[in-house]
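Observations on the model geometry
Take a look at the letters that make up each chain.
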Amino acid sequence: MRVGLFVPCYVDAFHPEVGQATLELLERFGLDVDYPFDQTCCGQPMTNTGCHEESRATEELFVKNFSEYDYIVAPSGSCVNQVRRNFTALEQTEEVTAVRAKTFELVEFLHDILKVDAFPWAEFPHKVALHNNCNALRGLSIASMSELRNERFSKPKDLLGKVRGLEFVDIARPDECCGFGGTFSVFEEGISSRMGQDKARDQARSGADYVTSSDSSCLMHQEGCARRLQLGQKYIHISQILNGSRA
Amino acid sequence: MSAATPQAPAGKSPEGAPEHLTHAAGASVTMPPRGPEEQPRGPVIRPGRPVDQSGAAKRFMAAPQHLAMHDQRLWDLRQKRDRQMHGIEEWEELRQLASDIKMHTLTHLDHYLEEFERNALANGVKVHWAKDAGEHNSIVVDIMRSRGAKRLIKSKSMLTEECGFREYAAERGVEVIETDLGERIQQLDDEAPSHVVVPSVHKLRTDVAAVFARTLGTDPDNADANYLAEQQRETTRPLILSADAGMTGCNFAVAETGSVVVCTNEGNADLSANTTGLHIVSMGIEKLIPKLENLAVFVRLLSRSALGSPITQYTSHFRGPRKGGEMHIVLVDNGRTDRLGMEQFWTSLKCIRCGACMNTCPVFRRSGGLSYGATYAGPIGLIIDPTFNRHKYSTLPFASTMNGSCTNVCPVKINIHEQIAGWRKVLSENHEIPAFKKNMMKAAGAILSSPRLYRASLPLADSALRHLPRFIIYNRMNTWTRGREMPHTPRETFHQWYKRERGKDGKKGKGSNPSAKTGGDAS
């Protein structure tokens, strides 16, 4: 199985450790993982702003970089949601639809494709609050949603539940958006920051030592808000915990 | 207690105005201490300029008592809605059914409108057709004038807000008295409703006390809900009893019976319809449902979605005029036919105005309904308002993180957040987004489609990263740090790490025993 690793632009720039943990974690399962050098971004900043035409060349580049792989895996639900559901600016050739269908968010790849049943190397003796990115939650359905009357499930919880010592804590509004929202975070910074600060306070009240998520973008925003408020919880990407980071 | 509690006993007096305050005020929530904090107002509307939603939202957020109360009240409604949902095993099937019934009706609207008109006429109702707001307003005022009527009591109707009816009527010497308590508060304050179900939800009790002190002469220092409601009732009731025409909106119009159904918690639709001999119904043409049996589906969903109560206290059916009286129905288009023709956006006509999308929307809860500067606020407003005026409301579809919670709570399954994204595209293609934004996206598109430019835009490995990369933030002002800290700066990008550790072909060190060290120090 050949896997193409997509490292989203903000992970590349701000959280290289998330890309490294994702790469190493996938390699632990004996996968042949490539990192195509010419990759950039999924086009979300433009699409998100309504500028689909401006996103097209970036989407084409993504397809060009990744079409040869059996699976494309990214440690970001929002980028994967962009590829799978919003990659519509470019002509829908067979190659394009194939790339869209085989692009997976890390958690769903581990859970649904590899069907991982153990992370023997992983131990995380801390209280952890889970944050689901809205695109991963309501776009990719990585967990059941509080608004719907469906059977409860959570793929990230299933995976984290296999980590020794990890204890979940609940926050009051688990499915509430943290206000990152891509370009929303800079164009509507007032509301965005307020939402992030409310989220960070909720996490602090839960007694969490750590907040984890399969999306670095939300974490980057929340961490910035928590630090501004001088709250104590730390933020760590799910790939790092699953790869054996202890703190 | 009333609608705020799932098992609330019904049967209290319909005039029990305090009940309304109770549900609007979310009585189970501890209110912040009353204080002198002034109520934030909506945006100033400048002719020819898009609404400054984000500026108005900032003012709302700068009023901590209002912000905390508003967020908590509406979140409380959302939680009550969730509890009601869990009590109905077939909830998701009901939503689908409601959505399908609306789809069927809207795609056969001509047929059902004619059937409705036929049956309403047979019931002795006079039916009027209004192609826009202006026609609606003049039809209503003409009906009143021809009968010498001067004072109109009305129950809550978003359509009349949409038509600007109150101002129109006032200019023509028709006095309008709102009978919904929240709506009456807004009328006395000369302010638009901020929410389709709880119109004065953005006001603290102290705000209401100030409004009543100014307009009704109540004690400005008494913000007791019962006192305020009682005072309002005492002053408004004589006006209601001496009115000579009554108006209601319409929640559902049943084609097979020619009847209209109005759902209220205060019984004020009955008051408005039955106090005078003249009952005028204003309804949008999208309110139709084919059969009476379809009504059950919607009635089960409406109040559960809106307020988290199983049903509104009153579900009033109006079929024909009272003995010796008259009943008129004004069927209003006002852009609905055009909307029906919009391939991406026509399903917004399914909306039953429950407000659940507003209650769940994290942006709405923190910005207040007035900030949208439009009749319809919140998520549903973002996708309806631009159909009325694309330029004026061009900013609204950007007042969303597109998190999708609105779509999930919608009882008729409108894909609200996808339509928000759809509107952004339409606005961008029609030059209705600010030039700086468009240029920024053009630049970002050029950089992100070129590996070379993209790499060049990133900070060098040995330089401290002082600003977000230009593709994330391209404007001169770094807005990120107003409410947040910058992310910590890594020593190198992932790309650089990979190149160093694995070599350009990725073979170097590949498959080597990974260590937990790159699990990294958490921040």
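Residues numbered from 1 in each chain as written. Chains lettered and ligands numbered in written order. Predicted model: local features only at pLDDT ≥ 70, side-chain atom pairs only at ≥ 80, totals over all residues. Heavy atoms only, no water.

Chain B appears in an unreviewed UniProt entry as Lactate utilization protein from Acetobacter sacchari.

Named according to an unreviewed UniProt entry, chain A is Glycolate oxidase originating from Acetobacter nitrogenifigens DSM 23921 = NBRC 105050.

1. Observations concerning the overall build of chain B
For chain B, the helix and strand inventory stands at 22 helices and 10 strands. By residue count, 60% of the 523 residues in chain B fall in the buried class. As presented, chain B carries roughly 20700 Å² of accessible surface, and 51% of it is formed by carbon and sulfur atoms. (Helix = DSSP H or I, 4+ residues; strand = E, 2+ residues; numbered from the N terminus. Buried < 20%, exposed > 50% of the residue type's maximum accessible area, 1.4 Å probe, protein only. Areas by Shrake-Rupley, 256 points an atom, 1.4 Å probe, with all protein chains shown as cover.)

2. Some remarks on the layout of surface pockets
Quantified by volume, the largest pocket comes out at close to 960 Å³. Lining of the largest pocket is provided by 50 residues; of these, Gln44(A), Asn48(A), Asn86(A), Asn135(A) and Met402(B) occupy positions nearest its centre. For the lining of the largest pocket, the elements supplying multiple residues, two or more each, are α1 (9–14), α3 (44–48), α5 (77–86), α8 (134–139), α10 (184–187) and α12 (216–228) of chain A together with α19 (416–429) and α20 (435–448) of chain B. Per element, the largest residue contribution to the lining of the largest pocket is six residues, and it comes from α5(A). Per-class residue counts for the lining of the largest pocket are 22 nonpolar, 24 polar and four charged. (1 Å grid on protein atoms, 1.4 Å probe; cavity = no way out; pocket = protein on both sides within 12 Å on 5 of 7 lines; lining within 4 Å. Points joined across faces, edges and corners; volume = space filled by probe spheres on them. Nonpolar A, V, L, I, M, F, W, Y, C, P; charged D, E, K, R; others polar.)

3. Quick notes on the sheet that holds strand β3 (residues 71–74) of chain A
Residue and element names in this part refer to chain A. Across the sheet, which stays open at both edges, the four strands sit in the order β2-β1-β3-β4 with parallel pairing between neighbours. Each edge of the open sheet is held by one strand with a lone partner, namely β2 (32–34) and β4 (103–105). Sheet twist, expressed as the mean angle between neighbouring strand axes with direction ignored, is 35 degrees. Pairing of strand β1 (residues 2–5) with β2 involves three bridges; the strand directions are parallel. Residue Val-3 lies in a different strand from β2, and its bridge partner there is Val-33. Helix α2 (residues 16–28) contacts β1, β2 and β3 of the sheet and is inclined by roughly 175 degrees relative to β1. Packed on one face of the sheet, helix α7 (residues 106–113) meets β1, β3 and β4 and runs near 100 degrees to β4. (Pairing = 2+ DSSP bridges. Axes fitted to C-alpha atoms, helices over the stretch in contact; angles between N-to-C directions. Contact = heavy atoms within 4.5 Å.)

4. A look at the sheet that holds strand β8 (residues 288–289) of chain B
Hydrogen bonds between backbone atoms are what pair the strands of a sheet, whose relative direction is either parallel or antiparallel. Residues and elements named next belong to chain B. Strands sit in the order β8-β5-β6-β9 across an open sheet of four strands; the sheet is mixed. Looking along the sheet, the strands with just one partner apiece sit at the ends: β8 and β9 (314–318). In terms of strand pairing, strand β5 (residues 252–254) meets β8 through two bridges, oriented parallel. Within the sheet, the bridge partner assigned to Ala-253 lies in β8 and is Leu-288.

5. A word on α7(A)
Every α-helix winds through 3.6 residues per turn, so residues three or four apart in the chain are directed the same way. All names here are of chain A. By the burial criterion, the buried members of α7 are Leu-106, Val-107, Glu-108, Phe-109 and Leu-110. Here α7 starts with a cap whose side-chain oxygen sits 3.1 Å from the backbone nitrogen of Val-107, and that cap is Glu-105. Positive backbone phi, at 50 degrees, marks Lys-115, one or two positions downstream of α7. (Polar contact = N/O pair within 3.5 Å; in protein donor to acceptor, adjacent residues only side chain to side chain.)

6. Description of the interface of chain A and chain B
Listed by partner, the interface residues are 82 residues for chain A and 93 residues for chain B. Taken together, the two surfaces of chain A and chain B that pack against each other cover about 7600 Å², and 58% of this comes from carbon and sulfur. Of all residues in chain A, the largest losses of buried area upon contact with chain B belong to Phe14(A), Phe37(A) and Arg149(A), amounting jointly to 11% of the total for that side. The tally of links between chain A and chain B comes to 11 salt bridges. Put simply, Glu176(A) and Arg366(B) hold a salt bridge, and the shortest N to O gap is 3.1 Å. (Buried area = accessible area lost by both parts, 1.4 Å probe. Salt bridge = Lys/Arg side-chain N within 4 Å of Asp/Glu carboxyl O.)

7. Here's the deal with the packing of aromatic side chains
As enumerated under the stated definition, the model contains 23 aromatic pairs over all chains in all. Judged by centre distance (5.5 Å) and plane angle (85 degrees), the rings of Phe62(A) and Phe87(A) are edge-to-face. Here Phe87(A) lies in the loop between α5 and α6 (94–101) and Phe62(A) lies in helix α4 (residues 52–66), a separation of 25 residues in the sequence. For the pair shown, Phe62(A) and Phe87(A) are each scored as buried. Both rings, one in Phe252(B) and one in Phe298(B), keep their centres 5.5 Å apart while their planes meet at 40 degrees; by these two values the pair is tilted. One end of the pair, Phe252(B), is in strand β5; the other, Phe298(B), is in helix α13 (residues 292–306), and 46 residues separate them in sequence. Since its relative accessible area comes to 0%, Phe298(B) is described here as buried. Taken together, the ring pairs connect Phe6(A), Phe62(A), Phe66(A), Tyr69(A) and Phe87(A) into an aromatic cluster. Seen from the ring of Phe104(A), Arg84(A) lies directly overhead, with NZ or CZ sitting 5.1 Å from the centre. Its guanidinium or amino end placed over the ring of Phe168(A), Lys157(A) lies 5.0 Å from that ring's centre, counting from NZ or CZ. (Phe/Tyr/Trp six-rings, centres within 6.5 Å; stacked < 30°, edge-to-face > 60°. Lys NZ or Arg CZ within 6 Å of the ring centre and 35° of its normal.)

8. Let's talk about empty space enclosed by the protein
All names here are of chain B. By the definition in use, this model includes eight cavities of 30 Å³ or more. Approximately 520 Å³ is the volume attributed to the largest cavity. Lining the largest cavity are 33 residues, with Lys-156, Val-196, Asn-251, Cys-263 and Arg-353 sitting closest to its centre. Mapped onto the lining of the largest cavity, the elements with two or more residues apiece are α1 (17–25), α7 (158–162), β6 (259–264), β7 (278–284) and α13. Every residue lining the second largest cavity is counted, 15 residues in all, and those nearest its centre are Cys-351, Arg-353, Cys-354, Gly-355 and Cys-357. Taken together, the residues of the lining of the second largest cavity sort by class into 13 nonpolar, one polar and one charged.

9. Considerations on the nonpolar core
Counting 79 residues, the largest nonpolar core has Leu26(A), Leu110(A) and Leu242(A) as the members making the most contacts within it. What Leu110(A) contacts, discounting residues up to four positions off in sequence, is Leu25(A), Leu26(A), Phe29(A), Lys115(A), Val116(A), Phe119(A), Leu159(A) and Leu242(A). Counting residues in each nonpolar core, the second largest holds 66 residues, with Leu74(B), Val254(B), Val363(B) and Val412(B) among its members. (Core = buried A, V, L, I, M, F, W, Y, C linked by side-chain atoms within 4.5 Å.)

10. A closer look at the packing of helix α17 (residues 378–388) of chain B against α19(B)
Residue and element names in this part refer to chain B. Packing of α17 against α19 brings their axes to within 9 Å, and their N-to-C directions diverge by 40 degrees. By the angle class used here, α17 and α19 are oblique. Note on packing geometry: the crossing formed by α17 with α19 is left-handed. Here Pro-379, Ile-380, Leu-382, Ile-383, Pro-386 and Thr-387 of α17 come into contact with α19, specifically with Ile-416, Gln-419, Ile-420 and Trp-423. In terms of residue class, the contact of α17 with α19 is built from eight nonpolar, two polar and no charged. (Parallel < 35°, antiparallel > 145°, perpendicular 65-115°, else oblique. Left-handed = near helix turned anticlockwise from the far one by under 90°.)

11. What to know about unusual backbone geometry
Even without glycine at this site, Gln230(A) takes up a positive phi of about 55 degrees. Residues other than glycine seldom take positive phi values, yet Arg353(B) does so here, at roughly 55 degrees. The topology assignment puts Arg353(B) in the loop between α14 (336–340) and α15 (356–360).

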